Every structure is written in C-alpha cells, then in structure tokens.
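Descriptive analysis of the structure
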Amino acid sequence: MSAYPITSVEELTQALLEQEDGACLCVERGASDDVISALIAKASHLVHNGTPARIVCPDDVSAARYRAALASHHGLGGDAVATARELGGDAVVTAREFALEAMADPRVQSAVGRSARVLDENEHDVLMEDVKVSGLKPGRLREMLKFFYKSISDTADEDDGWLVTSEEQTVHAILLENLDVRQALLPCEVPSMAYRGLVGAGIEPESVALIVDDYGSLSKATQRLIRYLATSGLVAVRSALPVANAEEPYPHFDGFDELAASCDASFVLETERRVAPRKSVVLDSPEAEFAFVARAVRKRLATGTPPGDVLVAVPNPTWGSQIKAALAEIGVPSNFERGSVKIKGDPRAEGRNGEIKLATFLKLYLDPHDITALRSWLGLGDWLLRSDAFLELMAYARDRNCTVAEALASLRAVSDDERATTVFGKFDAPLDELEELRAACSSIGRDEAVELFAAHNMPLGPSAVELLGSDAAHADIERLARCAFGVSDDIRPCGSVTIAPYRYCHGRSAAVTFVTGLVNGFLPALDAVDDKHTVDHRRVALARERLLFVDLLQTARDETVCSRFTRDRLENASVLSMQTSRVYVKDGVRCAAVTPSEFADVSDEALVVPEDAPRELETRVLYASTTL
C-alpha cells in the first residue's frame with residue numbers, strides 16, 4: 001500500500017483522527033520529527049469514543065518523555081485536562097513493561113513455567129558464570145549466547161532444528177536449567193514467553209488499541225505480541241532511519257514494512273527540514289572537552305536558547321556524569337537521562353562489591369523468595385561466584401524433585417557431616433550473614449542502619465541515607481529498597497539541559513546538539529574499527545555506527561557541535577575501549593594518543609548509507625569464525 005504524504009504534525013493529527021477507531025495505521029516519520037502530540041491526541045480520541053488505548057514506547061527515556069508531555073496537559077485546561085484524565089496513569093508503558101504485564105497473569109506463568117522476573121545486567125553476569133560449567137572458552141560462550149538471544153528475539157528458537165551442533169544443544173540446556181531454577185527471564189525472552197503463555201493458556205486478549213512509537217526498532221517477538229494484543233486497533237510509527245533503540249539489541253526493521261503491506265492506511269510525514277550546520281572542535285584532553293562543552297552551553301543559553309532546547313549527546317555514563325558536574329560547577333542545571341544503569345563493582349571481590357551487595361540484599365528484603373537475588377547473594381565474594389557449589393545444589397534439588405530454595409532449607413537443617421558433600425558448606429557464611437541482616441533490619445534506627453550496612457561492606461552514600469528518612473529512631477529500609485536503585489524518570493525538558501547517551505538521543509529534537517567524545521571506540525564503537533574483528537563484521541558495524549551518527553546529527557535544528565580530544569591517560573583509554581595510535585609518557589604520566597572518529601571530518605553526503613547495505617551478520621557465523 002502506498003503511503004499518503006503528510007507535511008506537518010498538525011496534518012498528521014487530523015489524518016489519524018479521521019480514520020476509523022479499529023483501523024491498523026502506519027506512520028513513517030523523520031528521525032527527529034516530534035509526533036508525541038499527534039499520538040496522544042489519537043489515544044485520547046479513542047478513549048473518548050469508548051475504546052481503551054495505550055501508548056507503547058521502545059525504552060524508559062522515551063516513555064518518560066511521553067509521560068511528561070501527558071502530564072503537561074493538566075495545566076492547559078479544557079480538552080487537555082480531559083486528555084490526561086481519560087488516558088489514565090498507566091496509559092504510557094515501555095514495550096518490556098507491556099510484555100511483563102501479560103506475563104504477570106498466573107495462567108501465563110503456569111503455561112511457560114516461569115515467573116515475571118527479569119534478570120538485570122549484574123544478575124546476567126552471575127548467570128554467565130553458572131553457564132561456564134559447559135567448559136567453553138569465555139569468548140566463544142559469549143558469542144554463542146548472543147546467537148541464542150538473537151534467535152529468541154527473532155522467534156527462530158520456535159523452529160525445530162534451530163540448534164545444529166551438540167555443543168549448542170548442551171549450552172542451551174544448561175542455560176534453560178539455570179533460568180528455570182531462578183524462575184526468571186532474560187530480557188529477550190519476555191515478549192516471546194508472554195505470547196506463548198497467552199496462546200498456551202488460551203487467554204482471550206482484552207479489547208485495547210495500541211499506539212506504538214518506533215515500532216520498527218522493536219524485536220520481532222515484541223512486534224508479534226503487540227499485533228496479537230492490539231485487538232481494537234493499532235497505530236505503528238517508525239523512524240525513517242533504521243536505528244536501534246536503547247534497549248533492543250536485535251530490532252526487526254522489516255516488521256514495519258510487513259505491517260504496512262496489510263494495514264488500512266499508511267502515512268509518511270515529510271516535513272521540510274534542513275540539515276543543521278556542523279562545527280568540529282578538537283581539545284587536548286577529556287577534561288578540556290568537559291570544560292569546553294560547559295562553557296559553550298552557558299554561552300548558548302545566554303543568547304536566549306531555552307535549556308530544554310539544548311541536547312548533549314555522550315558516549316557513556318562516565319562522560320555524562322563529568323559533563324553534568326562541569327555544568328553544575330558553572331550553575332547550569334542539567335538532567336542526565338540514561339535509563340537503567342548497570343551497578344558498578346566486582347561481585348567477586350570484597351571491598352569492590354558494596355553497591356552490588358546492597359542492591360542484592362534490598363531485593364531479598366522486599367522479596368525473601370526471590371531466588372534470582374538469592375543466587376547472586378550466595379556468590380558474592382568468591383572468585384567463581386560459588387558456581388561449583390550451585391551446580392551441586394541444582395543436582396541435589398533435581399534428584400529430590402524439589403526447588404533450590406527447598407534444597408537449601410533442608411541442607412541448612414543438618415550438619416556438615418550429614419550432608420552429601422562438603423561443597424554445600426560454602427553457602428553457610430553468606431546465608432548466616434543474610435539472616436543476621438534481616439533480623440537486624442526488622443527494627444532499627446537510622447544511624448544504626450548506616451553503621452550496620454557499613455559493617456557488612458555496604459556503605460551508604462548521602463542519597464541512600466536520605467532515603468532512610470528523617471526519624472532517627474526508625475530507618476525506612478523499605479523505602480531504601482524501593483528507591484535506591486530505581487530508574488529515575490524525572491524528566492524536566494523545559495527547565496534543564498538534557499544529557500543523554502547516543503542511543504537515548506534517538507527521536508529527539510533540539511535547537512543545538514553537542515556530540516561529545518567523537519573518537520574511535522566511542523563513535524564508531526570499537527568493533528567497527530578494530531582489526532581483531534573480521535572485515536565483514538567491521539563493514540556491517542561501521543554502517544550501523546554511521547546510521548547512529550546521522551541520527552544524532554538530525555536531532556539539531558540550528559547547529560551541531562562535534563567535539564573530541566586527542567589524548568587521555570592510558571588506563572582510561574583501555575577501560576573505556578578507546579582506539580589508540582601510540583603510547584607515550586608526559587610529565588611522568590602514561591598517555592595514549594586517541595584516534596579521531598571515522599566520521600569526524602566526513603561530509604554529510606559521504607554519511608549516506610545505501611539502502612541495500614547489510615544490517616547484520618549471521619550470529620552463528622560470527623561466533624564460529626571469531627572465537628574458535
């Protein structure tokens with residue numbers, strides 16, 4: 001079906017409202033065209049006509065922007081207030097939250113044999129350690145797991161014979177057993193399991209219309225779930241640039257074209273938008289770059305640009321935190337919108353796992369039956385994360401047809417001499433500590449709680465202490481547990497400068513965009529330029545990164561400022577995966593000359609990626625050829 005051209009967001013809004021409520025509609029927009037108002041208007045129209053509607057966003061930050069836009073309706077009066085009231089507080093969800101809602105149904109969980117519990121990045125590291133019992137080298141195992149995850153995201157794991165070699169079958173069986181024991185899901189499994197559970201349990205989907213932004217950047221499994229549950233209409237929007245969102249590593253870009261081929265109406269938003277002029281700045285060091293960006297932002301604000309119309313794109317959380325600090329030092333408010341962040345630390349090393357240990361304990365405080373958190377707790381402070389003992393524990397539970405939690409309870413009730421093997425004794429110390437902490441936290445004062453956590457190598461920072469409350473006689477441990485490591489969606493687009501990682505800039509629009517850290521290793525990522533990867537892999541990766549850079553350039557309406565640095569400390573360059581050209585000593589400090597980005601001096605014409613350029617390599621080929 002040919003798409004009907006639309007020249008403005010207002011015209012798009014009218015076109016959407018004129019379509020029948022139960023229609024399937026497809027909209028293609030420019031990379032940074034803001035269609036939030038049009039989609040909210042469509043959702044409000046549907047609800048007003050008696051059709052429940054929800055807005056599904058690709059990631060946390062995108063959802064927060066929709067919620068902020070919806071909340072702003074409260075102060076506008078009239079129809080705007082009605083819009084906010086009609087849609088309700090849960091009208092906006094991320095794709096993962098939407099899938100987890102389906103997984104929350106006990107019938108769905110029973111059908112698939114898992115609970116609605118998703119592993120975070122730190123818990124995935126523990127899972128990796130448990131899967132290493134397969135004996136594969138870490139690099140090969142890591143790439144094989146990527147093949148599994150991509151196959152799950154693409155629903156290829158539902159085909160008979162998708163696992164070819166006995167090695168793949170063995171590793172996959174170990175992975176599934178560990179996930180079943182934890183009663184948890186990998187992030188890529190959530191939409192697939194939700195769909196299978198709904199179909200397997202014979203649950204009829206409720207009546208709801210779904211409005212999905214950036215539909216093309218979702219996985220094939222997520223797109224299938226959305227189509228299945230959108231019983232009363234679907235509005236799917238995609239960006240003209242095939243750029244992955246911040247939370248989906250395996251997007252199915254062709255899914256939008258497949259939907260558009262059979263939809264009721266299709267529109268393409270063709271706004272006249274020129275490419276903003278690009279300026280490049282070269283600094284000596286990262287510290288000089290942070291200071292330059294802060295000064296340049298302040299100068300821009302002094303000319304009258306609203307803070308919410310300034311976007312600073314950063315390569316990683318370290319850059320974002322440093323630029324946020326530099327802006328704060330000169331009195332410029334900023335908001336670092338980075339979504340969920342992996343907790344720093346090494347779970348193996350006492351003294352370096354304090355935050356991980358605290359987060360794990362607080363999960364167990366809220367839910368003592370959280371076997372995933374318990375598994376992480378049992379491994380803390382051990383070089384192998386006690387994976388050997390946990391393997392024996394799973395076998396013990398399997399032989400006795402009981403859960404791991406029940407097996408632990410029965411083993412705790414007998415002495416070491418009566419146990420089948422001494423390896424279970426490795427769990428005694430962490431379990432004793434857990435019981436001690438639980439008992440102490442049942443009734444404890446604020447200062448005592450601070451001392452207790454510090455004594456157990458879990459020191460609380462100022463923000464965490466504040467969460468304990470102002471009552472010295474009572475520490476609010478539950479508040480600490482719920483808020484200490486939560487994702488903030490405190491989005492203030494009008495009152496502060498926005499700082500966001502590259503991928504979280506997707507779909508934004510700003511008067512001026514600062515693209516920082518423009519060096520090889522940051523943009524493009526190291527796998528696009530490092531010789532340790534195959535030529536084919538680098539070619540595909542470079543095309544992927546070029547699209548990301550173009551996506552960043554299109555966020556700016558008036559000007560794009562690209563900044564980079566020429567050197568950094570050797571240890572920083574290594575830890576942050578920068579590509580370096582030489583190493584030298586300056587003033588007694590080991591320094592590395594950093595390679596400029598492949599895109600630093602490339603013209604806009606040269607940045608165009610051919611439509612037929614390959615977007616990905618076969619993952620099975622990748623791990624077979626690079627990790628043997």
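We now turn to the structure provided with this report. Please read these numbers as outputs of a predicted model, since none were measured by experiment.

Examining empty space enclosed by the protein
- Going through the model one piece at a time under the given rule, you end up with two cavities of 30 Å³ or more.
- Taken as a whole, the largest cavity spans an internal volume of roughly 170 Å³.
- Arg 29, Ser 62, Arg 65, His 506 and Gly 507 are, among the 19 residues lining the largest cavity, the residues nearest its centre.
- Ranked by the residues each element gives to the lining of the largest cavity, the list is headed by helix α3 (residues 60–71), at four residues.
- When the residues that make up the lining of the largest cavity are grouped by side-chain class, the tally is seven nonpolar, four polar and eight charged.

Focus: helix α14 (residues 317–329)
- Compared with the 18 Å implied by 1.5 Å per residue over 13 residues, the 18 Å span of α14 between its first and last C-alpha is a close match.
- Along α14, the positions that sit buried rather than exposed are Trp 319, Gly 320, Ile 323, Ala 326 and Leu 327. For α14, the arc enclosing every buried residue in end-on projection is 130°, short of the 170-degree limit, so these residues lie on one face. Opposite the buried face of α14, at more than 90 degrees from it, the exposed residues are Ala 328 and Glu 329.
- Against α13 (286–302), β9 (310–314), β10 (334–336), β11 (497–501) and β13 (556–565) lie the buried residues of α14.
- The N-cap of α14, judged by a side-chain oxygen 3.2 Å from the amide nitrogen of Thr 318 a few residues on, is Asn 316.

Digging into the nonpolar core
- Within the largest apolar cluster, 54 residues are counted, with the highest numbers of intra-cluster contacts made by Val 297, Val 312 and Ile 323.
- In terms of residue count, helix α23 (residues 535–553) provides more of this core than any other element does, eight residues in total.
- One finds Ile 343, Ala 359, Met 458 and Leu 468 within the second-largest nonpolar core, a separate group that totals 42 residues.

Quick look at the sheet that holds β9
- One open sheet holds the six strands; their spatial order is β8-β13-β12-β9-β11-β10, and the pairing between them is parallel. Sheet topology places β8 (278–283) and β10 at the edges, where each strand pairs with a single neighbour. Strand after strand, the sheet turns through a mean of 20° between neighbouring axes, direction not considered.
- The pairing of β8 with β13 spans six bridges and is classified as parallel. Counted as the bridge partner of Arg 278 is Thr 560 from β13.
- On top of the sheet, α13 reaches β8, β9, β11, β12 (510–515) and β13; it is set at about 160° to β13, its chief contact.

Here's the deal with the packing of helix α16 (residues 371–379) against helix α19 (residues 428–441)
- Running from N to C, α16 and α19 point in directions that differ by 120°, and their axes come no closer than 9 Å. With respect to α19, the axis of α16 lies oblique. The handedness of the crossing between α16 and α19 is right-handed. Between α16 and α19, the residues in contact are Leu 374, Trp 377 and Leu 378 and Pro 430, Leu 431, Glu 433, Leu 434 and Leu 437, respectively.
- In the contact of α16 with α19, the residues fall into seven nonpolar, no polar and one charged.

Calculation notes
- Residue indices begin from 1 for each chain and proceed along its sequence in written order.
- In view of the model being predicted, local features appear only for residues whose pLDDT reaches at least 70, and side-chain atom pairs are presented and counted only at 80 or more, with totals across whole chains, interfaces and linings using the full set of residues.
- Computation of side-chain values covers all heavy atoms of the structure but excludes hydrogens and water.
- A cavity here means a set of 1 Å grid points, computed over protein atoms only, where a 1.4 Å probe fits but cannot escape. A pocket is an open set with protein on both sides within 12 Å along at least 5 of 7 lines, and lining residues have an atom within 4 Å of a point.
- Grid points are joined across faces, edges and corners, and a volume is the space filled by probe spheres set on the points.
- Numbering of helices and strands starts at the N terminus; helices are DSSP runs of H or I of at least 4 residues and strands are runs of E of at least 2.
- Ten residues, namely Ala, Val, Leu, Ile, Met, Phe, Trp, Tyr, Cys and Pro, are considered nonpolar, four, namely Asp, Glu, Lys and Arg, are considered charged, and the remaining ones, Gly among them, are considered polar.
- Expected helix span is given by 1.5 Å per residue-to-residue step, counting one fewer step than there are residues.
- For each residue, the accessible area found with a 1.4 Å probe, counting protein chains only, is set against the maximum for its type, and the residue is called buried under 20%, exposed over 50%, and partly exposed in between.
- What the arc measures is the spread of directions leading from the helix axis to the C-beta atoms.
- Should any heavy atoms of two residues lie within 4.5 Å, those residues are counted as being in contact.
- Polar contact criterion, stated in full: a pair of N or O atoms within 3.5 Å, where within protein one must be able to donate a hydrogen and the other to accept it, and residues adjacent in sequence count only if both atoms are side-chain atoms.
- In plain words, nonpolar cores are sets of buried Ala, Val, Leu, Ile, Met, Phe, Trp, Tyr and Cys residues tied together by side-chain atoms within 4.5 Å.
- In this description, strands pair whenever DSSP reports at least two bridges between them.
- Simply put, an axis is a line fit to the C-alpha atoms, just over the touching stretch for a helix, and the angle between two N-to-C directions goes from 0 to 180 degrees.
- Roughly parallel here means an angle under 35 degrees, roughly antiparallel means over 145, roughly perpendicular means 65 to 115, and every remaining angle is called oblique.
- In a left-handed crossing the near helix is turned counterclockwise from the far helix by less than a right angle, and in a right-handed crossing that turn is clockwise.

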